[in-house]
Amino acid sequence: MTEEPKDRDDGRIHFGFDRDFLTIPVAAIVPLKTLPAGARESRSYSQVLSSIKAIGLIEAPVVMADEKNAGTWFLLDGHLRLEALKELGISEVECLLAADDDTYTYNKRVNRIPPIQEHRMIVRAMDRGVSSTDIATALNLQVESVLRRFRLLEGISPEAAEMLKDTPCSMKVFDILRQMTSVRQIEAADLMIGQNNFTVMFARALRAATSENQLAATRKGKGGGKPTPSGQQIARMERELAALQTQVKSVEETYGIDNLHLTVARGYVAKLLANNRVVRWLATHQQDYLSEFQKIAEIDTLGPIAETPGA
């Protein structure tokens, strides 16, 4: 059950949802990487700072205990949040504790929140009684924009939403997907992921290639079916498809050996990071290397190349 917001005068952050947390002094948390220059002046940092002020901390930082120094914790995820907590003078924060063998799996890059994750954050806040006006103030957005993000997944298949939850699909892409049936939405999501192309233009190309019986019923009832693309739109889609086919052909030529090299390198790095002593040494002496190794270890093994549409 969602807990109610509490008075923040005690110097602690209170969460809008129930999970098992460990309360840790902010001063005892050691970041594993240094924020890039200008991070504190970025829009992302401003959003984090203002949202904590207005509605509290929504997602807990992830930490790992320093076995050599009792009472010290390494920060695995939530570097922007930690900086914001320090700036606000927050003395304690509730954190999610990671097991040692899970240290290289936390690299969510939350400073760039995917639209679906942003949608879920807003839904969570509104479910606990935070008004859209307060959220808009916290995120430096218009109220209409907040409400649009709140309704982001209306008409979207749950399966397609799950597939796209960590992708940079814009709200316009979801507007286009909403014009298709649930089955076609899943197919389109699979194609976008397979081609690593989440642009509005590619989504429009998929929409134009969608058969009449795969369009949403509400769309088919407007204007006598799907609109006919203009000559300029068709030309642009043809150019993008040609460029995509060229890229796929180039990848096919080196795919096998590249995949082998990637798999071997990733396996070796993952094996290193499975050694707790190695992780602790890197965290103490080479934090930048640890951050890069974590990114490498999280790379999924490449799957088969998706077929080019129309091939």
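Basis of the calculations
Residues numbered from 1 in each chain as written. Predicted model: local features only at pLDDT ≥ 70, side-chain atom pairs only at ≥ 80, totals over all residues. Heavy atoms only, no water. Helix = DSSP H or I, 4+ residues; strand = E, 2+ residues; numbered from the N terminus. Buried < 20%, exposed > 50% of the residue type's maximum accessible area, 1.4 Å probe, protein only. Contact = heavy atoms within 4.5 Å. Areas by Shrake-Rupley, 256 points an atom, 1.4 Å probe, with all protein chains shown as cover. Core = buried A, V, L, I, M, F, W, Y, C linked by side-chain atoms within 4.5 Å. Axes fitted to C-alpha atoms, helices over the stretch in contact; angles between N-to-C directions. Parallel < 35°, antiparallel > 145°, perpendicular 65-115°, else oblique. Nonpolar A, V, L, I, M, F, W, Y, C, P; charged D, E, K, R; others polar. Pairing = 2+ DSSP bridges. Patch = residues over 30% accessible without salt bridge, like charges linked within 9 Å, V, L, I, M, F, W, Y side chains within 5 Å. Salt bridge = Lys/Arg side-chain N within 4 Å of Asp/Glu carboxyl O. Lys, Arg positive; Asp, Glu negative; His and termini not counted. Charge placed at Lys NZ, Arg CZ, Asp CG, Glu CD.

Colleague: Describe in detail the overall build of the protein, supporting the description with residues and values.
Modeller: Of the regular secondary structure elements, the protein holds 13 helices and five strands. When the 311 residues of the protein are sorted by exposure, 39% land in the buried category. A separation of at least 24 residues holds for 74% of the contacts in the protein among residues at least 6 apart in sequence. Looking at the protein as shown, the accessible area adds up to about 17,500 Å², and 52% of this sits on carbon and sulfur atoms.

Colleague: An account of the nonpolar core is needed here, citing residue identities and associated values.
Modeller: By size, the foremost hydrophobic cluster in this structure holds 22 residues, and its most contacted members are I116, L153, I156, L164, F174, L177 and M192. When residues of this core are traced back to their parent elements, those giving at least two are α6 (158-163), α7 (171-177), α8 (182-195) and α9 (200-208). Excluding residues within four positions of it along the chain, L177 makes contact with I156, L164, Q185, A188 and M192. If you look at the next biggest cluster of nonpolar residues, it comprises 21 residues, including A39, Y45, V63 and L75.

Colleague: Describe the packing of helix α12 (residues 276-285) against helix α13 (residues 287-297), naming the residues involved and giving the relevant values.
Modeller: The axes of two packed helices give the description: the angle between them and the distance between them. Between α12 and α13, whose axes approach to 6 Å, the crossing angle comes to 130°. One finds that α12 runs oblique with respect to α13. For the pair α12 and α13, the contacting residues are V279, L282, A283 and H285 in the first and Q287, Y289, L290 and F293 in the second. Grouping the constituent residues of the contact of α12 with α13 by class yields six nonpolar, two polar and no charged.

Colleague: Could you give me a rundown of the sheet that holds strand β5 (residues 92-97), with the residues and numbers involved?
Modeller: The strands making up a sheet associate through hydrogen bonds between their backbones, and the pairing can be parallel or antiparallel. Taken in spatial order, the five strands make up an open sheet running β1-β5-β3-β4-β2, and their pairing is mixed. At either end of the open sheet lies a strand with only one pairing partner, and these are β1 (22-25) and β2 (29-31). Across this sheet, the average inter-strand angle for adjacent strands is 55°, counted without regard to direction. As defined by bridge partners, β2 adjoins strand β4 (residues 73-77) across three bridges and the pair is classed as parallel. Along β4, the bridge assignment pairs V30 with F74. With respect to the sheet, helix α2 (residues 79-87) is in contact with β2, β4 and β5, its orientation differing from that of β4 by roughly 125°.

Colleague: Talk me through unusual backbone geometry; I want residue IDs and the actual numbers.
Modeller: One non-glycine residue, N196, lies in positive phi territory at about 50°. Relative to the helices and strands, N196 resides in the loop between α8 and α9.

Colleague: An account of a positive patch on the surface is requested, with residue identities and associated values reported.
Modeller: Taken together, K172, R204, R236 and R239 make up a surface patch of like positive charges. Looking at where R204 falls in the secondary structure, it is placed in helix α9. According to the relative accessible area criterion, R204 is partly exposed, its value standing at 44%.

Colleague: Any details on the side chain of S132? Residues and values, ideally.
Modeller: Looking at the secondary structure, you find S132 in helix α4 (residues 132-139). In contact with S132, other than residues within four places in its own chain, are M126, V143, V146 and L147.

Colleague: An account of the pattern of salt bridges is needed here, citing residue identities and associated values.
Modeller: If the charged atoms of two oppositely charged side chains come close together, the side chains can form a pair. In total, this model carries eight salt bridges according to the counting rule given. R184 serves as the salt-bridge partner of E187, at 3.2 Å between the closest nitrogen and oxygen. You can see E187 and its partner R184 sitting in helix α8, three residues apart, about one turn around the helix. Exposure remark for E187: the relative accessible area of 34% places this residue in the partly exposed category. One salt bridge connects K295 with E292, and the closest N-O pair in it is separated by 3.5 Å. With K295 and E292 both in helix α13 and three residues apart, this pair spans about one turn of that helix. Using a relative accessible area of 42% as the deciding quantity, one classes E292 as partly exposed. A network of salt bridges, in which partner residues are shared, links R148, D175 and R178.

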